[in-house]
Amino acid sequence: MRGTTVIGILDRKKKIGVIAGDGQITFGETVLKSKARKVRKIYKDNILAGFAGSTADALTLFEHFEKALEGHRGDIVKAVMELAKLWRSDKILRKLEAMMIVMNTARIFLLSGNGDIIEPDDSIIAIGSGGSYALAAARALKQHTDLSVEEIARNALKIAGEICIYTNMEVSVEKIS
């Protein structure tokens, strides 16, 4: 996925989660927008979701994920499983080009159109073109500082933005606790 960076960090002890995303939207090699919001609160503001990839595809996935959450009364694990099955089996959804990070205060997942449902051991996930830079920065900051998860996410995205040409410094953060 070129064109964005999104990171999710969960502090299971404090039951605080954040997803942060940069604001840049590119089309080829052209920056079309610099202050887009790629993260949002859903399901009674108890779940966070962020995306990388095609905006239209991501919005379609958000809609299906929200329906799954409603159907399972907010059970994130069941909703994630349902979305992954639908994403892989539906002929139209299968072609969507996006990745998602979703979380509540207890669990964090990466979802992809390849059928991946990944729950990281260290409760940090990053996606998009600058994802590996943001992930490395967040892991280092978590291990070697006392910063909050929100501060770690912001700093990790800024570091990614200094390296990845498809990531900018306009960071938006959503937090749940």
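It should be noted that the structure appears before, not after, this text.
**Student:** Just give me the short version of the layout of surface pockets, but keep the residues and values in it.
**Tutor:** In this model, the largest pocket occupies a volume close to 250 Å³. Where the lining of the largest pocket is concerned, the elements lending two or more residues are strand 1 (5–11) and helix 4 (149–163). Ranked by residue count, the leading element in the lining of the largest pocket is strand 1, at three residues. Among the residues forming the lining of the largest pocket, the class breakdown is five nonpolar, three polar and seven charged.

**Student:** Can you explain a nonpolar patch on the surface? Please cite residues and give values.
**Tutor:** Among the surface-exposed residues, Tyr133, Ile159 and Ile163 lie close enough to one another that they form a single nonpolar patch of about 250 Å² accessible area. Structurally, the position occupied by Ile159 is in helix 4. Judged by relative accessible area, which is 33%, Ile159 ranks as partly exposed.

**Student:** So what's going on with helix 2 (residues 76–89)? Which residues, and what values?
**Tutor:** Across its 14 residues, helix 2 extends 20 Å between first and last C-alpha, which sits within 8% of the 20 Å expected from 1.5 Å per residue. Taken residue by residue, helix 2 has Ile76, Ala79, Val80, Leu83, Ala84 and Trp87 as its buried positions. The arc that holds every buried residue of helix 2, seen down its axis, measures 135 degrees, which confines them to one face. Lining the buried residues of helix 2 we find strand 6 (47–53), helix 1 (55–71), strand 7 (98–103), strand 8 (108–112) and strand 9 (117–118). For helix 2, the N-terminal cap is Asp75; the gap from its side-chain oxygen to the backbone nitrogen of Val77 is 3.1 Å.

**Student:** Let's hear about the sheet that holds strand 2 (residues 16–21): which residues, and what values?
**Tutor:** Strand order in the open sheet formed by four strands is 10-1-2-11, with antiparallel pairing between adjacent strands. Unpaired on one side and paired on the other, strand 10 (124–128) and strand 11 (172–176) mark the two borders of the sheet. Averaged over all pairs of adjacent strands, the angle between strand axes in this sheet comes to 10 degrees, irrespective of strand direction. Of the strand pairs in this sheet, strand 2 and strand 11 are connected by five bridges, and their pairing is antiparallel.

How each quantity is defined
- Residues numbered from 1 in each chain as written.
- Predicted model: local features only at pLDDT ≥ 70, side-chain atom pairs only at ≥ 80, totals over all residues.
- Heavy atoms only, no water.
- 1 Å grid on protein atoms, 1.4 Å probe; cavity = no way out; pocket = protein on both sides within 12 Å on 5 of 7 lines; lining within 4 Å.
- Points joined across faces, edges and corners; volume = space filled by probe spheres on them.
- Helix = DSSP H or I, 4+ residues; strand = E, 2+ residues; numbered from the N terminus.
- Nonpolar A, V, L, I, M, F, W, Y, C, P; charged D, E, K, R; others polar.
- Patch = residues over 30% accessible without salt bridge, like charges linked within 9 Å, V, L, I, M, F, W, Y side chains within 5 Å.
- Areas by Shrake-Rupley, 256 points an atom, 1.4 Å probe, with all protein chains shown as cover.
- Salt bridge = Lys/Arg side-chain N within 4 Å of Asp/Glu carboxyl O.
- Buried < 20%, exposed > 50% of the residue type's maximum accessible area, 1.4 Å probe, protein only.
- Expected span 1.5 Å × (residues − 1).
- Arc of directions from axis to C-beta.
- Contact = heavy atoms within 4.5 Å.
- Polar contact = N/O pair within 3.5 Å; in protein donor to acceptor, adjacent residues only side chain to side chain.
- Pairing = 2+ DSSP bridges.
- Axes fitted to C-alpha atoms, helices over the stretch in contact; angles between N-to-C directions.

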